[in-house]
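Coordinate analysis (summary)
Now for the letters of each chain:
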Amino acid sequence: MFIYENNTLFCEGVAIDKIAEKEKTPLYIYSEKALIENFNSLDNAFADVPHVICYSVKCNSNISILKLLARAGAGFDIVSGGELFRVIQAGGDPGKVVYAGVGKTQDEIVYALKSDIHLFTVESVGELDRINDLANRMGKKARIAIRVNPDVDPKTHTYISTGKKENKFGLDIETAREIYKHASGLPSVKPVGIQMHIGSQITQTQPFKNALDKLIPLIGQLRSDGIELEYVDIGGGLGIVYKDEKPMTAQEFADVVVPMVKPLGLTLIIEPGRFIAGNAGILVTKVEYIKKSGEKTFVIVDAAMNDLMRPALYSAYHNILPVKRQNDRPTKPVDIVGPVCESGDFFAQDRVIALPAQDDLLAVMSAGAYGFTMTSNYNCRVRPPEILVNGTSYSQIRRRETWEDLVRQEVSLKESMS
Ligand SMILES: *Cc1c(COP(=O)(O)O)cnc(C)c1O
């Protein structure tokens, strides 16, 4: 949905430079069509089994985006009370919410119980007992799934691997079986599912196959223990193209998962985030200065690590494109950096690009997931606005913050009376 027409980058039917002129930079731009197409491609690929696609809210939690996906039929995967609040604000159905996370607080559990979410993905026995106690006091029965850590290597960045035994997430297979037995004896929880989520930006089907090879026998053992489940939740983690990856398609993913899951007779839940939003968004930034120092050329832009953290956090690669392609520009290796006072504040290092000029616009591609949601106000920088394009029109779905916003929650010390 981001393509050049006459050397100008467009999002669907709208020229990026036209949006930037009006809304200023830095700014996020998302394509509605891309979000919906990505969602539908998964939905269609799994048509052969009963399934719910629970979009992972943490990757892009703007309420307009949640609303779009809710309309398309999505459920939601959340990891905090704040994310549940957003889903409800967006008109999403709490009855299609699955709630993961190793550190759910009492208040968050109570809020989720009150909201009648679909199920809690339980990550420890302490959490299970707490959910049981709170549900009991509220006269409710909490539906739960135990998160199993299948100890497989998802072949991704160590920071986004979650299904190896050294990761803090879930419980090993043996412990999980014991905890299901424990759960089935508790009055106010009902084990209805089993869950795994092995990592993010996974490009191959094999890690999912390996994990399911471990998960499926457990479902059989639970049956023989008298525990009949209704849901198998295989998490998210589908990878996308940032550079030259060859990720599995939705269909290739389904072709591996469906034959394994279908005989179980359970409803499948998947929790994709990045796959839906990642390539549906870009961060647009303006060049402030070109600076030469020694051997190096720095392209200093008006976006920074506080606007898009992934390069600093994971050394992530983002393709960077000129919003206006100009053929007379020499190509050379440059560092594209922001104004924040950290050496980690870069979008690219030694990247060979057509050398931009002051005031040129650049598009940092594949920024729709884990982009805006990881922003901060570091260096007292305001968060950028978010724009949603639909065909030939667009709407602002979040305003740019102001300096007043930066101090809004602060309480100034009173003058002393001495
Ligand atoms: C983050 C997360 C997801 C989504 O991961 P993606 O790689 O964005 O698909 C799904 N499930 C859980 C439990 C998560 O924490």
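Note that the structure is predicted; figures quoted are calculated from it, not measured.

With respect to the pairing of strand E12 (residues 267–270)
As paired strands, strand E5 (residues 51–56) and E12 are joined by three bridges and run parallel to one another. When the bridges of E12 are listed, Val 52 appears paired with Ile 269. In terms of handedness, the path from strand E11 (residues 231–233) via helix H9 (residues 250–261) over to E12 forms a crossover that is right-handed.

Topic: the side chain of Arg 274
With respect to the helices and strands, the residue Arg 274 is situated in helix H10 (residues 274–277). No salt bridge is formed by the buried Arg 274; its nearest oppositely charged neighbour, Glu 245, is found at 8.7 Å. Among the polar contacts made by the side chain of Arg 274, one reaches the side chain of Tyr 242 at a distance of 2.7 Å. The residues touching Arg 274, leaving out its near neighbours within four places in the chain, are Cys 59, Ile 160, Ser 200, Gln 201, Leu 238, Ile 240, Tyr 242, Asn 279, Arg 310, Ala 369 and Tyr 370.

With respect to the packing of helix H7 (residues 173–184) against helix H8 (residues 206–224)
When two helices pack together, their arrangement is given by the angle between the helix axes and the distance between those axes. Packing of H7 against H8 brings their axes to within 11 Å, and their N-to-C directions diverge by 30 degrees. One element, H7, and the other, H8, form an angle in the roughly parallel class. In the crossing of H7 with H8, the sense of the turn from one axis to the other is right-handed. Each of Ile 173, Ala 176, Arg 177 and Tyr 180 in H7 lies in contact with H8, whose residues at this interface are Lys 214, Leu 218, Gln 221, Leu 222 and Ser 224. In terms of residue class, the contact of H7 with H8 is built from five nonpolar, two polar and two charged.

Overview of the state of the cysteines
As enumerated under the stated definition, the model contains zero disulfides in all. The thiol of Cys 380 is not disulfide-bonded; the next cysteine sulfur, from Cys 341, is found 11 Å away.

Points about the pattern of salt bridges
A side chain of one charge can pair with a side chain of the opposite charge when the charged atoms of the two come close. By the definition in use, this model includes 17 salt bridges. A salt bridge links Lys 190 to Glu 230, with the shortest nitrogen-to-oxygen separation between them at 3.7 Å. In this pair, Lys 190 is assigned in strand E10 (residues 189–195) and Glu 230 in the loop between H8 and E11, connecting sequence segments 40 residues apart. Three or more residues are tied together by salt bridges with common partners; here these are Lys 296, Asp 335 and Asp 350.

Some words on the environment of Lys 292
Here Lys 292 is to be found in strand E13 (residues 281–293). Leaving out residues up to four positions away in the same chain, Lys 292 has contacts with Thr 297 and Lys 332.

Looking at the site of the ligand
The local shell around the ligand holds 15 residues, among which Lys 58, Ser 200, Gly 237, Glu 271 and Tyr 370 are the closest. Between an oxygen atom of the ligand and a main-chain N or O atom of Gly 237, the distance comes to 2.8 Å. In the model, an oxygen atom of the ligand is placed 2.9 Å from a nitrogen or oxygen of the Gly 273 main chain. Surface burial for the ligand is 95%, taken as the share of its 390 Å² of free accessible area covered by protein chains. Here the shell around the ligand is built from residues that sort into three nonpolar, seven polar and five charged.

Here's the deal with a negative patch on the surface
A contiguous patch of negative charge on the surface is contributed by Asp 151, Glu 166, Asp 172 and Glu 174. On the secondary structure map, Glu 166 appears in the loop between strand E9 (142–147) and H7. Under the relative-accessibility criterion, Glu 166 is labelled exposed at 58%.

Some remarks on the sheet that holds strand E1 (residues 2–5)
Taking strand neighbours across the sheet as the criterion, the three strands line up as E1-E2-E3 in an open arrangement whose pairing is antiparallel. What marks the edges here is a single partner per strand, and that holds for E1 and strand E3 (14–15). One ladder, built from two bridges, connects strand E2 (residues 8–11) with E3; its direction is antiparallel. Residue pairing for E3: Cys 11 is matched across the bridge by Val 14.

Focus: the domain arrangement of the chain
Along its sequence, the chain is organised into domain 1 (2–29 + 278–407) and domain 2 (32–277). Taking only C-alpha atoms into account, the centre of domain 1 sits 32 Å from that of domain 2. Taken together, the contact between domain 1 and domain 2 spans 23 residues of the former and 22 residues of the latter. Carbon and sulfur atoms make up 53% of the area that domain 1 and domain 2 hide from each other, which totals about 2,000 Å². Our enumeration of links across domain 1 and domain 2 arrives at zero salt bridges. Inspection of the domain 1/domain 2 interface yields 13 residue pairs in polar contact (both at pLDDT 80 or more). The greatest single-element share of the side of domain 1 that touches domain 2, amounting to four residues, is contributed by strand E19 (residues 386–390). Across the side of domain 1 that touches domain 2, the residue classes break down as nine nonpolar, 10 polar and four charged.

Quick word on the side chain of Ser 366
Tracing the backbone shows Ser 366 in the loop between strand E18 (361–364) and E19. In terms of polar contacts, Ser 366 uses its side chain to reach the side chain of Asn 279, at 2.6 Å.

Notes on the sheet that holds strand E6 (residues 75–78)
Paired through backbone hydrogen bonds, the strands of a sheet run either parallel or antiparallel to each other. Spatially, eight strands are ordered E5-E6-E7-E8-E9-E10-E11-E12 in a closed barrel, and the strand pairing comes out parallel. Looking at each pair of strands side by side, their axes are set apart by 30 degrees on average, direction ignored. Contacts from helix H4 (residues 81–89) reach E6 and strand E7 (97–99), with the element oriented near 160 degrees to E6.

Rules used in this analysis
Residues numbered from 1 in each chain as written. Predicted model: local features only at pLDDT ≥ 70, side-chain atom pairs only at ≥ 80, totals over all residues. Heavy atoms only, no water. Pairing = 2+ DSSP bridges. Helix = DSSP H or I, 4+ residues; strand = E, 2+ residues; numbered from the N terminus. Right-handed = clockwise from strand over helix to strand, strands pointing away. Buried < 20%, exposed > 50% of the residue type's maximum accessible area, 1.4 Å probe, protein only. Lys, Arg positive; Asp, Glu negative; His and termini not counted. Salt bridge = Lys/Arg side-chain N within 4 Å of Asp/Glu carboxyl O. Polar contact = N/O pair within 3.5 Å; in protein donor to acceptor, adjacent residues only side chain to side chain. Contact = heavy atoms within 4.5 Å. Axes fitted to C-alpha atoms, helices over the stretch in contact; angles between N-to-C directions. Parallel < 35°, antiparallel > 145°, perpendicular 65-115°, else oblique. Left-handed = near helix turned anticlockwise from the far one by under 90°. Nonpolar A, V, L, I, M, F, W, Y, C, P; charged D, E, K, R; others polar. Disulfide = S-S within 2.5 Å. Near = heavy atom within 4 Å. Areas by Shrake-Rupley, 256 points an atom, 1.4 Å probe, with all protein chains shown as cover. Patch = residues over 30% accessible without salt bridge, like charges linked within 9 Å, V, L, I, M, F, W, Y side chains within 5 Å. Charge placed at Lys NZ, Arg CZ, Asp CG, Glu CD. Domains from an automatic or database assignment. Buried area = accessible area lost by both parts, 1.4 Å probe.

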